Amino acid sequence: MSQTPPGGPDALSDINARAATAHHTSTAAPTDASSDTRADTRTDTSSNARDKASDSTSDTASATRVRRPRGPSADKTAHTQQQIAHAALALFVQHGIARTTMAQIAARAQVAKGSLYRYYPSKDALLRGVVEHALRQSAPNLPLVRQPGETVHALLRRSVLPTLHALASSERGDLARLLLSEARQQPELARLYKTLAFDPWQRHVVRLLQLAVDEGELHTPSVAACGQLLASPFWMDMVRSGLPDTEADADTHNAQDVATLTSLLLDSLFAVPAPAQ
C-alpha cells in the first residue's frame, strides 16, 4: 500500500515537479555544451585557414623577392659606361665616327653588343656619352682660392697653365682633335663641345681677365678678345698634332707646348702699359 508523504497530496506534487525540472535541466545542458564545442571548432578551423592563407601569401612574396634578378651596381654601371666611352673615343679618332660601328666599339670595350645598346641606344647617345666622359677625365676649371696679396696675373697662371698642359695630352685633347676632323659632318659634336667644354673654360678665363681690368692690372679694349687669344695655343696644337710630324716639328713642339705659348701670351697681355691720360 502506498504511503502518502508527510504534507499530503500537495507535497507529493511538489516533489514530482522538482524531479521533472531536474531531469529537463540535466538533458538540456549537454546540448548547449555540444553547441559551444561545435562553434569553437568552427572558429578554430576558420582561424587556422586564415593563418595558412597568410603564411602562403608571405611565402609567395618572399619567393618573389628572392627570385627578382638584381641589376648591376652603380659602380659597375659607371665602370662599364666609362669602358665603352673610352673605347668609342679611341675608335672615333682612329677611324672616324661614320666608319666606326657599334659592333667594333662593343668588341674593343669587351662588352656584349646588347649591353652596349642598353647603355647607349644609338650612336648619337654614345657620342654624347663620349663627350661627357672625356670632359670628366680632363682637368676641370675649378676656381682656385686667391692667396693673400696674389695678383690676378699670378692667379691666372696658376689656374690656366696647368689645365692647358694636362688637356693637350688627355682624352679632352683627343676629343678636340675629333671635333676638328668631324665637326662639319657631326654638327651635334661641335655643339656639345662648345656647350660643355669651350664655353665654360672661356667664361672662367674672361672672369679672371675682367677682375684684372677692374683692379688695374690689365689694360685692354676687349676682355673677350683676350680670352680667345689665350685659347689659341690649344687649338693651334690640335691642328699641328693632326699633321705629319717631321723631326724639326717635333723639336719645336717639345720646346713650345701649349702651356709655354699661353704663358708667353699672358705675360705679353699684362705687360701692356696703361694708356696715357
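Conventions adopted
Residues numbered from 1 in each chain as written. Predicted model: local features only at pLDDT ≥ 70, side-chain atom pairs only at ≥ 80, totals over all residues. Heavy atoms only, no water. Helix = DSSP H or I, 4+ residues; strand = E, 2+ residues; numbered from the N terminus. Buried < 20%, exposed > 50% of the residue type's maximum accessible area, 1.4 Å probe, protein only. Areas by Shrake-Rupley, 256 points an atom, 1.4 Å probe, with all protein chains shown as cover. Core = buried A, V, L, I, M, F, W, Y, C linked by side-chain atoms within 4.5 Å. Contact = heavy atoms within 4.5 Å. Expected span 1.5 Å × (residues − 1). pLDDT = per-residue confidence, 0-100. Axes fitted to C-alpha atoms, helices over the stretch in contact; angles between N-to-C directions. Parallel < 35°, antiparallel > 145°, perpendicular 65-115°, else oblique. Left-handed = near helix turned anticlockwise from the far one by under 90°. Phe/Tyr/Trp six-rings, centres within 6.5 Å; stacked < 30°, edge-to-face > 60°. Lys, Arg positive; Asp, Glu negative; His and termini not counted. Salt bridge = Lys/Arg side-chain N within 4 Å of Asp/Glu carboxyl O. Polar contact = N/O pair within 3.5 Å; in protein donor to acceptor, adjacent residues only side chain to side chain.

Caption draft 1: Region of the structure containing the overall build of the chain. Along its length, the chain carries 11 helices and zero strands. For the chain, the α and β elements follow one another from N to C terminus as α-α-α-α-α-α-α-α-α-α-α. Within the chain, the fraction of its 277 residues that count as buried is 30%. In the form shown here, the chain has an accessible surface area of approximately 17,400 Å², with 56% of it arising from carbon and sulfur atoms.

Caption draft 2: Structural detail: unusual backbone geometry. The backbone of Gln110 sits at a positive phi, close to 60 degrees, despite the residue not being glycine. On the secondary structure map, Gln110 appears in the loop between α3 (102-109) and α4 (113-119).

Caption draft 3: Spatial organisation of the nonpolar core. If you look at the biggest cluster of nonpolar residues, it comprises 52 residues, and the most contacted ones within it are Ile84, Phe92, Ile105, Leu126 and Leu209. Sequence-distant contacts of Leu209, defined by excluding residues within four places in its chain, comprise Leu156, Leu218, Val223, Cys226, Gly227, Leu230 and Phe270.

Caption draft 4: Structural view of helix α2 (residues 74-95). Taking 1.5 Å per residue as the helical rise, α2 with its 22 residues ought to reach 32 Å, and the 31 Å between its terminal C-alpha atoms agrees with that figure. Among the residues making up α2, those that are buried are Thr80, Ile84, Ala85, Ala87, Ala88, Leu89, Leu91 and Phe92. Just beyond α2, the residue with positive phi is Gly96, at close to 95 degrees.

Caption draft 5: Up close: the confidence of the model for the chain. Residue-level pLDDT values for the chain average 74, and 64% of them are 70 or greater. Mean pLDDT across the secondary structure elements of the chain bottoms out at helix α10 (residues 247-255), with 45, and peaks at α3, with 94. Scored below 50 in pLDDT, residues 1-9 shows three contacts in the model against residues more than four places distant or in partner chains. Confidence drops under pLDDT 50 across residues 22-37; counting only partners more than four residues distant or on other chains, this segment forms zero contacts.

Caption draft 6: How the structure looks around the packing of α2 against α3. In contact at an axis separation of 8 Å, α2 and α3 are set at 125 degrees when each is read in the N-to-C sense. Here α2 is positioned oblique relative to α3, judged by the angle of their axes. Handedness of the crossing formed by α2 with α3: right-handed. Facing Gln83, Ile84, Ala87, Ala88, Ala90, Leu91, Phe92 and Gln94 of α2, the residues of α3 in contact are Gln104, Ile105, Arg108 and Ala109.

Caption draft 7: Spatial organisation of the packing of aromatic side chains. Per the stated rule, a full pass over the model turns up three aromatic pairs. Consider the rings of Tyr193 and Trp235, whose centres lie 5.8 Å apart with planes at 75 degrees: the pair is edge-to-face. One end of the pair, Tyr193, is in helix α8 (residues 187-214); the other, Trp235, is in helix α9 (residues 223-241), with 42 residues separating them in the sequence. Trp235 sits in the partly exposed class, given a relative accessible area of 22%. Between Phe198 and Trp235, the aromatic rings sit 6.5 Å apart at their centres with planes inclined by 55 degrees, giving tilted as the arrangement.

Caption draft 8: Structural context of the side chain of Glu182. Relative to the helices and strands, Glu182 is located in helix α7 (residues 171-182). With no salt bridge to any partner, buried Glu182 finds its closest opposite charge in Arg99, at an N-O distance of 5.7 Å. Discounting chain neighbours no more than four positions away, the residues touching Glu182 are Gly96, Ile97 and Leu189.

Caption draft 9: Up close: the side chain of Ser159. Mapped onto the elements of the fold, Ser159 is located in helix α6 (residues 152-168). Contact partners of Ser159, with chain neighbours within four places excluded, come to Leu144, His204 and Leu208.

Caption draft 10: Broad picture of the environment of Arg158. With respect to the element layout, Arg158 can be found in helix α6. Of the residues examined, Arg158 reaches a relative accessible area of 33% and is grouped as partly exposed. Measuring from C-alpha to C-alpha, the distance between Arg158 and Leu144 comes to 8.4 Å, with 14 residues separating the pair along the chain. If we ignore the near neighbours within four places in the chain, the residues touching Arg158 are Leu144, Val145, Arg146, Gln147 and Glu150. At 3.0 Å, the side chain of Arg158 and the side chain of Glu150 are in polar contact.

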